[in-house]
Amino acid sequence: MVGRCSLGRRGAVPRSGWTVAAALLLASIVASPAHATVRYGDIQISGNVQTQELFRIQEHSDTFSAFNPVQQRNTFRLQYEHQLVKDGGNFLQGMAQLPFIRSANLFAYYRFVYDSIYDLAPGPHLEAQDGSHAGKLDQIPRSARHDIAFENVLREFFIDIDLARVPVSLRIGRQQIVWGEALSFRALDSVNGLDLSWHLQQEAGLLGKVGFDELRIPAWTIKALWDIGSVGPVSNSYLEMFDIPFDFQPAYARFEPAPWSIPDRNPFRGGLVIPAGPAFLQACFDDTGNTQPNAAANPDFSNASETGFCPSRDRQRTRIQQGLYGRHDAGDVNQVGGRFGGNAYGVGFTLNYMYRRHLGVDLPGAGAVKAQVGLVNNGLPGQLQIAPHTTLDPITREEHDTIGYVRIPIEWYYPYVHVVGASANYFEEYTSAVWTVEGALTHGMPINTLSPFGNGLKKKDVLLGALNFDRPTWIKWLNRRSTWLIIGQLDFNYIFGHDKIRTGPSPFVQDNGATIALDGDVGLPNSCTIPGQFRSHCDIDELKQFEALTILAATTFYWGGSLAPIGAWISDWGNAPSMAFALGVDYLPSPNVIITPALRIYTNFNRTVDEPWGIGRLSQWDEVQLKLTYQF
């Protein structure tokens, strides 16, 4: 089965992609016996074919009141490994001698995905976390659904080189960097952004069953590892460094009605209107970030009624995958990092540093959009465009007659940040448990604010950390032959200089003295954070200075390892009761076939919960999973 699974950018598949994928699939099944990886000399080929069906089982706040299909993802994975240099420099079975290289191995990983749910487009209205309608799948334009449904990409491609004369190894190519040891949580593991459209954090994995390997976006990287050896009391010490010179890719996400990403309606869409006395203005977003008034900005309103965007002409536009930088310019997006690790007095440890661009919405509490609400509030006449028209909200299907547009400059924003951190693990003999701790302090992380002044973001220092234990435990009455692996973890998020939500009379003439939010840290785009554009009433729960989440999971093996159940309880104590419960099982009727049913339940009593973990936000997303995997 493919061991490294990491996600690149999705996109439309050319007709040739079908041919290549079908040929590879047929060749792998026909050429390989059902019980073994394909081997030919120094070449090894492995992979799997997988289908996953997801059914949302909740209508409003009632679980098991529905059975709506929201995913039918079919995946083909192919992994290719080739030993290029061995035996102290023997290149490709004697073609040449490379005495300065001890060994070299090529690794390539390809993934093809087709999610037929976007072509079928079934089901009723999806729901956002506040219970509001989030649209239907068939409301996504057909061409956009086609692009979302397919992935056809060589995800990883790198060479591992061990040098012969110095204790240094290199990994060069498209890869993912895995630091940190926390379970289903990222503190130090933040070099690569995540593709949250795959299945949000539900694919984060417990006990290595799926893992962030499915979600990380690989990057073209040069990584070096120096095996130092013993230094004083430190044994097995090493220094690892990386450089990502270009092709920065932040976290990727989608809004509803795409059913598996951020559980909020897209706030940047056509049809959003703002009351202006007895009339309405349509909000249109200038995603170039241009803060000039309309007369100087020269915005394009030609498609604003349908798309909700009015970009300034002849300026670089931004989007969730691209900020105001040259993505392929090494002088603009270069990222570096290093860590020193080893063992001392029975403790394994690492000391870490990264200088990288902010990844966006895949870290707890992080924001990624500058929205010049202060400019609009203070200089509203300069942002107005009188153009009477009718606009239709594609999600709510509400139609409004408007007197024109109010242009709101926005910018998807990914500044450079400094990240320092450390990790340690220790086997404690008395309890026979392995304890792990890690933490990462990010200097200058953007966080969304409710302040009506400024650009909607503040930079703050944020500490993420995790304390974990795992212990094999006999529970004889449940399993007489195998132990249970019990895992517990405490995750925490601390915001330095935290601002609580503060309200008061609006200082802006257009609000006529109404009470508005004047400050406060908030998380991912929330349907309550743009007053008047979503619902008439919405309770918002602010980000707190300290928030904590616990995970308790257990798994074991039956029938010689052919049946492996797992159960997990996740609780967000800062927003209690806000919990998730997961039950699943891996059943292997043969060594090459895995059947994986699962059930996930989320509870927050139908509240709007603004929390950094993605637990209470999913209160409308209870689901049943049916997954079948054939591996070779």
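Look a little higher up for the structure.
What comes next is a walk through the structure. Just so you know, these numbers come straight off a predicted model, no measurement behind them.

## A word on the overall build of the protein chain
Logical step 1: Helix and strand content of the protein chain: eight helices and 31 strands.
Logical step 2: Buried residues in the protein chain amount to 53% of all 632 residues.
Logical step 3: Surface accessibility of the protein chain: about 26,700 Å² in total, with carbon and sulfur atoms responsible for 60%.

## Details of the packing of aromatic side chains
Logical step 1: According to the stated counting rule, one finds 23 aromatic pairs in the structure shown.
Logical step 2: Each ring, one from Trp 260 and one from Trp 621, has its centre 5.0 Å from the other, and the planes form 80°; the classification is edge-to-face. Note that Trp 260 is positioned in the loop between strand E11 (255-256) and strand E12 (262-265) and Trp 621 in the loop between strand E30 (593-603) and strand E31 (623-631), a separation of 361 residues in sequence.
Logical step 3: For Trp 260, a relative accessible area of 2% puts it in the buried group.
Logical step 4: Judged by relative accessible area, Trp 621 falls into the buried class, the value being 1%.
Logical step 5: Through a chain of ring-to-ring contacts, the aromatic side chains of Phe 255, Phe 268, Phe 285, Phe 309 and Trp 412 assemble into a single cluster.
Logical step 6: Against the face of Trp 198 rests Arg 73, its NZ or CZ located 3.6 Å from the ring centre.
Logical step 7: Sitting over the ring of Trp 474, Lys 476 keeps its end group 4.0 Å from the ring centre.

## Quick notes on the environment of Gln 372
Logical step 1: Structurally, the position occupied by Gln 372 is in the loop between strand E17 (369-371) and helix H7 (373-378).
Logical step 2: Overall, the relative accessible area of 15% leaves Gln 372 in the buried class.
Logical step 3: Separated by 82 residues in sequence, Gln 372 and Asn 290 place their C-alpha atoms 9.3 Å apart.
Logical step 4: With near-sequence residues (within four places) excluded, Gln 372 lies in contact with Thr 291, Pro 409, Gly 454 and Asn 455.

## A short note on the state of the cysteines
Logical step 1: According to the stated counting rule, one finds one disulfide in the structure shown.
Logical step 2: Shown here is the disulfide that connects Cys 284 with Cys 310, its sulfur atoms set 2.2 Å apart. Here the disulfide of Cys 284 and Cys 310 is right-handed, its torsion about the S-S bond being about 80°. Linking Cys 284 in strand E14 (residues 279-286) with Cys 310 in the loop between helix H5 (304-307) and helix H6 (330-333), this pair joins segments that are 26 residues apart in sequence.

## Focus on the side chain of Arg 327
Logical step 1: Looking at the element boundaries, Arg 327 is found in the loop between H5 and H6.
Logical step 2: According to the relative accessible area criterion, Arg 327 is buried, its value standing at 17%.
Logical step 3: For Arg 327, the side chain forms a polar contact with the side chain of Asp 247, separated by 2.6 Å.

## Details of empty space enclosed by the protein
Logical step 1: Applying the stated criterion across every chain, the model contains four cavities of 30 Å³ or more.
Logical step 2: Roughly 140 Å³ of volume is contained in the largest cavity.
Logical step 3: Along its surface, the largest cavity is lined by 15 residues, and Arg 56, Asn 68, Pro 124, His 125 and Leu 126 are the ones closest to its centre.
Logical step 4: Among the secondary structure elements, those contributing two or more residues to the lining of the largest cavity are strand E2 (43-59) and strand E3 (62-86).
Logical step 5: Among the residues making up the lining of the largest cavity, the classes are represented as seven nonpolar, five polar and three charged.

## A few points about the pairing of strand E28 (residues 563-572)
Logical step 1: In terms of burial, E28 is largely enclosed, as eight of its ten residues are buried.
Logical step 2: Here seven bridges tie strand E27 (residues 546-555) to E28, and the two strands are oriented antiparallel to one another. Bridge pairing links Thr 550 to Ser 571 in E28.
Logical step 3: As judged from the nine bridges shared by E28 and strand E29 (residues 579-590), these two strands associate in the antiparallel manner. Among the inter-strand pairings, Ile 570 is bridged to a residue of E29, identified as Ala 580.
Logical step 4: The antiparallel pairing of E28 with E29 creates a hairpin that spans six residues between the two strands.

## Re unusual backbone geometry
Logical step 1: Following Glu 256, the chain continues into Pro 257 via a peptide bond in cis, with omega recorded as 20°.
Logical step 2: A cis amide bond links Ala 576 with the next residue in sequence, Pro 577, at an omega value of -5°.
Logical step 3: By secondary structure assignment, the location of Pro 577 is in the loop between E28 and E29.
Logical step 4: Even without being glycine, Phe 64 reaches a positive phi, approximately 65°.
Logical step 5: Its location among the elements puts Phe 64 in strand E3.
Logical step 6: According to the relative accessible area criterion, Phe 64 is exposed, its value standing at 59%.
Logical step 7: Positive phi is not limited to glycine here, since Ser 432 has a value of about 55°.

## Remarks on the side chain of Gln 71
Logical step 1: Locating Gln 71 in the fold gives a position in strand E3.
Logical step 2: Within the structure, the side chain of Gln 71 is placed 2.8 Å from the side chain of Gln 52, a separation counted as a polar contact.
Logical step 3: Sequence-distant contacts of Gln 71, that is, excluding residues within four places in its chain, are made with Gln 52, Glu 53, Leu 54, Asp 115, Ile 117, Trp 198 and Trp 260.

## Some points on helix H3 (residues 142-149)
Logical step 1: Within H3 the residues assigned to the buried category are Arg 145, Ile 148 and Ala 149. Taken down its axis, H3 places every buried residue within 95° of arc, on the same side.
Logical step 2: Of the surrounding elements, those touching the buried residues of H3 are strand E6 (101-115), helix H2 (117-120) and strand E7 (150-163).

## A short note on the nonpolar core
Logical step 1: Formed by 74 residues in total, the largest nonpolar core has its most connected members in Phe 185, Phe 242, Phe 285, Ile 410, Trp 412 and Tyr 414.
Logical step 2: Among the elements that make up this core, the one with the highest residue count is strand E19 (residues 399-412) (four residues).

## Section: the environment of Leu 563
Logical step 1: Checked against the element boundaries, Leu 563 lands in strand E28.
Logical step 2: A sequence separation of 33 residues divides Leu 563 from Thr 596, and the C-alpha atoms of the two residues are 10.0 Å apart.

Here is what the cut-offs are and how they apply
- Residues numbered from 1 in each chain as written.
- Predicted model: local features only at pLDDT ≥ 70, side-chain atom pairs only at ≥ 80, totals over all residues.
- Heavy atoms only, no water.
- Helix = DSSP H or I, 4+ residues; strand = E, 2+ residues; numbered from the N terminus.
- Buried < 20%, exposed > 50% of the residue type's maximum accessible area, 1.4 Å probe, protein only.
- Areas by Shrake-Rupley, 256 points an atom, 1.4 Å probe, with all protein chains shown as cover.
- Phe/Tyr/Trp six-rings, centres within 6.5 Å; stacked < 30°, edge-to-face > 60°.
- Lys NZ or Arg CZ within 6 Å of the ring centre and 35° of its normal.
- Contact = heavy atoms within 4.5 Å.
- Disulfide = S-S within 2.5 Å.
- Polar contact = N/O pair within 3.5 Å; in protein donor to acceptor, adjacent residues only side chain to side chain.
- 1 Å grid on protein atoms, 1.4 Å probe; cavity = no way out; pocket = protein on both sides within 12 Å on 5 of 7 lines; lining within 4 Å.
- Points joined across faces, edges and corners; volume = space filled by probe spheres on them.
- Nonpolar A, V, L, I, M, F, W, Y, C, P; charged D, E, K, R; others polar.
- Pairing = 2+ DSSP bridges.
- Arc of directions from axis to C-beta.
- Core = buried A, V, L, I, M, F, W, Y, C linked by side-chain atoms within 4.5 Å.

Remember, this is a structural readout, not a statement about activity or role.
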